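# Topology and contacts: notes
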Amino acid sequence: MSTIVFSGQEQDILIKRKPNLRAKRLSLRVSAQDNAFVLTVPPRTTDSHIKAFLVRCTPWIEKNLKKMFHVKHLVPGEDILLHGAPFQCILDPLRRKPMLCITTQTLRLPPRCSQSALHDFLKKMAIEKLTPYVVKASQTLGQHLEQVRFRDTKSRWGSCSAQKTISLNWRLILAPADVAQYVCIHEAVHLLHMNHSKAFWKTVEELCPAYRDHKKWLKAHGFSLMRV
Ligand SMILES: [Zn+2]
């Protein structure tokens, strides 16, 4: 996986190496399922070769980026699911920032609410709701956790670095609570196993027995979370 910045936005590119030694060409495509760009490369392709190829493809990537992720704006009257609970968006002229009202199940939006103000609000909510899942799972596993960060990448739900920092996509706040929790557990298990080995999945299952359903949910619906 490689992260590149296009149009001021981080974009992940999945790099797949071809097993066929005689393969010569690099090819780039959009994968709707992964909601990502997938670059297939022959074996033994150097990083600088990959980089140069991606630079040449920049106009194509920019064009397809616009096609792929056209943003949906929230409008008053519309419903939104936040951490699995439905809220109705309503216009509140007295507000300067979005606010959640639990008793009335409403998300109050100020007039002319910008997309970035809405994203800041959702990110804050994600930090509040999802961080405890990661902390709890790392404690259960007896693993040191350095930091939890929240990012906005269009193709990845989470990652775990060798420095024990877990990054999560704040858009998980738009997924059902148990799906978001699964991703937190998945990344926390990487503190113990830095791979997707059998031992890794066994530990995930111990902490999250229904993980297969959550994986399926993300595969089928994850794409729609990227549109808000
Ligand atoms: Zn993983």
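Here, every reference points to the structure presented above.
Here's what I pulled together on the structure shown here. Everything quoted here is computed from the prediction, not taken from an experiment.

## Digging into unusual backbone geometry
Residues other than glycine seldom take positive phi values, yet His 83 does so here, at roughly 55 degrees. As for its position among the elements, His 83 is in the loop between strand E5 (79-82) and strand E6 (85-91). Positive phi outside glycine occurs at Arg 112, with the angle close to 55 degrees. Within the secondary structure layout, Arg 112 lies in the loop between strand E8 (106-109) and helix H3 (115-140). A count of 6 C-beta atoms within 10 Å places Arg 112 in the exposed class.

## Quick notes on the nonpolar core
If you look at the biggest cluster of nonpolar residues, it comprises 32 residues, and the most contacted ones within it are Leu 172, Cys 184 and Ile 185. When residues of this core are traced back to their parent elements, those giving at least two are E8, H3, strand E9 (147-151), strand E11 (165-169) and helix H4 (177-189). If you tally residues by element for this core, the top one is H4, at eight residues. Those residues in contact with Ile 185, other than ones at most four positions away along the chain, are Tyr 133, Ala 137, Val 204, Leu 207 and Cys 208.

## Side note on the environment of Trp 157
Mapped onto the elements, Trp 157 comes out in the loop between E9 and strand E10 (158-160). Using a count of 21 C-beta atoms within 10 Å as the deciding quantity, one classes Trp 157 as buried. As a C-alpha pair, Trp 157 and Ala 180 span 23 residues in sequence and 9.0 Å in three-dimensional space. When near neighbours in sequence (up to four residues on either side) are disregarded, Trp 157 contacts Asn 169, Leu 172, Val 183 and Leu 218.

Parameters at a glance
- Residues numbered from 1 in each chain as written.
- Predicted model: local features only at pLDDT ≥ 70, side-chain atom pairs only at ≥ 80, totals over all residues.
- Helix = DSSP H or I, 4+ residues; strand = E, 2+ residues; numbered from the N terminus.
- Buried ≥ 20, exposed ≤ 12 C-beta atoms within 10 Å, placed from the backbone.
- Core = buried A, V, L, I, M, F, W, Y, C linked by C-beta atoms within 7 Å.
- Contact = placed C-beta atoms within 7 Å.

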